[in-house]
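Notes for the structure review
In case you want the letters, here they are:
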Amino acid sequence: MRSPYTLDNPPPDEPPSEVLVPSLWRVQARWWKRHTPALDQQGAKHPVCGHCGQSWPCHSWACWDGQLGQAVHQSQTPEPDAGEARVSAAPPSRAIAFGGALAAGLAQT
Ligand SMILES: [Zn+2]
């Protein structure tokens, strides 16, 4: 998954507040920035990575970018809690049966 970040808009050193694992973010953002073209390469037609020397976007940058993309998208998934709470709130059928027997007993006396 592509991250929303570009060379003109690189990922921040400090993770966005919605990121689940901030310590991981710092590592990912550092490597993302390492695997970018050197300054004199950024205007070039075929830039190469300033870290590994592969034509850019290099394989490593693509990997880190994918991880950053996942980190920012993960936090947008809705929590499934609401649905589960509704199921467990349903009364157990045994309680209904017991209540019925009690009512029947009372009716006999
Ligand atoms: Zn690289």
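Residues numbered from 1 in each chain as written. Predicted model: local features only at pLDDT ≥ 70, side-chain atom pairs only at ≥ 80, totals over all residues.

1. Here's the deal with the overall build of the protein
When its secondary structure is counted, the protein shows four helices and zero strands. Of the regular secondary structure in the protein, the N- to C-terminal order runs α-α-α-α. Counting only residues that meet the buried cut, the protein has 17% of its 109 residues in that class. In the protein, the share of contacts with a sequence separation of at least 24, taken over all contacts with a separation of at least 6, comes to 51%. (Helix = DSSP H or I, 4+ residues; strand = E, 2+ residues; numbered from the N terminus. Buried ≥ 20, exposed ≤ 12 C-beta atoms within 10 Å, placed from the backbone. Contact = placed C-beta atoms within 7 Å.)

2. Here's the deal with helix α1 (residues 22-34)
Given a rise of 1.5 Å per residue, 13 residues ought to cover 18 Å, and the 19 Å separating the end C-alpha atoms of α1 matches this to within 8%. Of all the positions in α1, only Trp25, Gln28, Ala29 and Trp32 are classed as buried. In an axial view of α1, the angular spread of the buried residues amounts to 100°, which keeps them on one side of the axis. For α1, the exposed residues set more than 90 degrees away from the buried face come down to Ser23, Val27 and Arg30. Buried residues in α1 make contact with α2 (59-74). (Expected span 1.5 Å × (residues − 1). Arc of directions from axis to C-beta.)

3. Quick look at the nonpolar core
Judged by nonpolar contacts, Trp25, Ala29, Trp32, Cys49, Trp56, Cys58, Trp61, Trp64, Leu68 and Ala71 together constitute the single largest core of 10 residues. Broken down by secondary-structure element, the contributors of at least two residues to this core are α1 and α2. The leading source of residues in this core is α2, at four residues. In contact with tryptophan 61, not counting residues within four places along its chain, are Trp32, His35, Thr36, Cys49 and Trp56. (Core = buried A, V, L, I, M, F, W, Y, C linked by C-beta atoms within 7 Å.)

4. With respect to the packing of α1 against α2
α2 packs onto α1 with a crossing angle of 145° between their chain directions and a minimal axis gap of 9 Å. Considering how the two elements wind past one another, α1 and α2 form a crossing that is left-handed. On α2, the residues touching Trp25, Gln28, Ala29, Trp31 and Trp32 of α1 are Trp61, Trp64, Asp65, Gln67, Leu68 and Ala71. Classifying every residue of the contact of α1 with α2 gives eight nonpolar, two polar and one charged. (Axes fitted to C-alpha atoms, helices over the stretch in contact; angles between N-to-C directions. Left-handed = near helix turned anticlockwise from the far one by under 90°. Nonpolar A, V, L, I, M, F, W, Y, C, P; charged D, E, K, R; others polar.)

5. Digging into the environment of cysteine 49
Secondary-structure assignment places cysteine 49 in the loop between α1 and α2. In sequence terms cysteine 49 and tryptophan 61 are 12 residues apart; their C-alpha atoms lie 8.6 Å from each other. Setting aside its immediate chain neighbours within four residues, cysteine 49 contacts His35, Pro37, Gln54, Trp56, Cys58 and Trp61.

6. Observations concerning α2
The end-to-end C-alpha distance of α2, which contains 16 residues, comes to 23 Å, matching closely the 22 Å that a straight helix rising 1.5 Å per residue would cover. Taken as a whole, α2 has its buried residues at Trp61, Trp64, Asp65, Leu68 and Ala71. Across the axial projection of α2, the buried residues extend over an arc of 120°, all falling on one side. In this structure, α2 carries His59 and Gln70 as exposed residues pointing more than 90 degrees from its buried face. Turning to α2, the residues buried within the fold contact α1.

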